[in-house]
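# Working through the structure, step by step
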Amino acid sequence: MTEDELARRGIDLEKPNAARVYDYILGGQLNYAVDRMFAEQVLTAQPNARERARLNRQWLRRAIRFGMDQGIRQFLDIGSGMPTVGHVHEVAQAADPTSRVVYVDNEPVAVAHSEIVLENNENAAMVYADAEFPDDVLEHDTTEMMLDLDQPVMVVMALFVHFIPDEREPARLLAAYRDALAPGSYLALSSATHERQSDETARAVAMYKKSSNPVIPRSADELRALVDGFEIVDPGVVFIPQWRPNSTDDMPADPTECGGLALVARKN
């Protein structure tokens, strides 16, 4: 993008951005020098960061397929980030091309590139909004056009809530989305954790305090509290690769090294 386009979209290149850093760690190209420099520092502090990103992406695909098996054909991906390979619409529409997907992010580069990727996909769209204001998401023209909230939806929050500190009331935020959903809807959530983590993880978390998106790792009990009002499905709140692995490729020798927890929960 030109400097004028960067300014128009409000893109700040003074600090690394979590969505662009994650894109670089996954091997993408939708990032800038400031993001790459920060990502390399993270990789030095946390050498298995790429493996962690891969495991989270595998979990996301499994969660979407689980939703499809429960009859879900509508997905709302909160804090979706960059349109990397194996994103929600690719997984859902491979099983049923009529599945409808709305992505939400407030990172201008993620939004711009997602709009390009989804340009010819009539059943997937991008919403440029701050997901911490649920009404801005749920009442957005695109969301209302794409999703029928009177029917079950799977809300995806992959590595999203750990960017929301306690003082911004993440439990109330999740409750707002929950209350807008029809019975039979699902929430798929993953988050960084401090449980059984090494000093390497602590150093990486400390580094993110210098970015635009500080990370707040949480325990399994804290995540259970955040999803109050949902019924957590088996196997509960577990380390990311332990959530319904398909094969040994999904399960590293030490699942705790993934650095995060995952769950899927149902609104009854």
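This text follows the structure it describes.
Residues numbered from 1 in each chain as written. Predicted model: local features only at pLDDT ≥ 70, side-chain atom pairs only at ≥ 80, totals over all residues. Heavy atoms only, no water.

A few words now on the overall build of the chain. Across its full length, the chain carries 11 helices and 8 strands. Rg of the C-alpha trace for the chain: 17 Å, near the compact-globule value of 18 Å for 268 residues, within the 12% margin. When the backbone C-alpha atoms are referred to their principal axes, the chain occupies close to 45 × 45 × 35 Å. Counting contacts in the chain only where the partners sit at least 6 residues apart, residues at least 24 apart contribute 72% of the total. As displayed, the chain offers around 12,200 Å² of accessible surface, 48% of which is attributable to carbon and sulfur atoms. (Helix = DSSP H or I, 4+ residues; strand = E, 2+ residues; numbered from the N terminus. Rg over C-alpha atoms; globule rule 2.2 N^0.38 Å. Contact = heavy atoms within 4.5 Å. Areas by Shrake-Rupley, 256 points an atom, 1.4 Å probe, with all protein chains shown as cover.)

On to a negative patch on the surface, then. Among the surface-exposed residues, Asp135, Asp136, Glu139, Asp141 and Glu144 lie close enough to one another that they form a single negatively charged patch. Examined against the element boundaries, Asp136 turns out to sit in helix α7 (residues 134-138). (Patch = residues over 30% accessible without salt bridge, like charges linked within 9 Å, V, L, I, M, F, W, Y side chains within 5 Å. Salt bridge = Lys/Arg side-chain N within 4 Å of Asp/Glu carboxyl O. Lys, Arg positive; Asp, Glu negative; His and termini not counted. Charge placed at Lys NZ, Arg CZ, Asp CG, Glu CD.)

With that settled, the discussion passes to the environment of Lys15. With respect to the secondary-structure elements, Lys15 resides in the loop between α1 (3-8) and α2 (18-25). Lys15 gets classed as partly exposed once you look at its relative accessible area, which sits at 40%. Taking the C-alpha atoms as reference points, Lys15 and Asp35, separated by 20 residues in sequence, lie 7.7 Å from one another. Those residues in contact with Lys15 that lie beyond four places of it in its chain are Arg20, Val34, Asp35, Lys210, Ser211 and Ser212. (Buried < 20%, exposed > 50% of the residue type's maximum accessible area, 1.4 Å probe, protein only.)

Where α2 contacts helix α3 (residues 33-45), the two axes come as close as 9 Å, and the packing angle between them is 65°. At the point where α2 passes α3, the crossing takes the right-handed sense. Mapping the contact onto sequence places Arg20, Val21, Tyr24 and Ile25 in α2 and Val34, Asp35, Arg36, Phe38, Ala39, Glu40 and Leu43 in α3. (Axes fitted to C-alpha atoms, helices over the stretch in contact; angles between N-to-C directions. Left-handed = near helix turned anticlockwise from the far one by under 90°.)

Quick look at α3 now. Counted at 1.5 Å a residue, the expected span for α3 with its 13 residues is 18 Å, and the 19 Å between its end C-alpha atoms agrees. In the core, the buried residues of α3 are packed alongside α2, α4 (49-69) and α10 (199-208). (Expected span 1.5 Å × (residues − 1).)

Okay, the environment of Asn246 next. Checked against the element boundaries, Asn246 lands in the loop between β7 (238-239) and β8 (260-266). The exposure class assigned to Asn246 is exposed, which follows from its relative accessible area of 57%. Once the C-alpha coordinates of Asn246 and Gln58 are considered, the two residues, 188 residues apart in sequence, prove to be 9.6 Å apart.

Let's shift gears to the packing of aromatic side chains. In the structure shown here, the tally under the stated rule is 2 aromatic pairs. Seen in terms of ring centroids, Phe66 and Tyr186 are 5.7 Å apart; in terms of plane orientation they differ by 90°. Their pairing is edge-to-face. In this pair, Phe66 is assigned in helix α4 and Tyr186 in strand β5 (residues 186-192), connecting sequence segments 120 residues apart. Its relative accessible area of 9% is what places Phe66 among the buried residues. Chaining the aromatic ring pairs together yields one cluster made of Phe66, Tyr186 and Trp243. (Phe/Tyr/Trp six-rings, centres within 6.5 Å; stacked < 30°, edge-to-face > 60°.)

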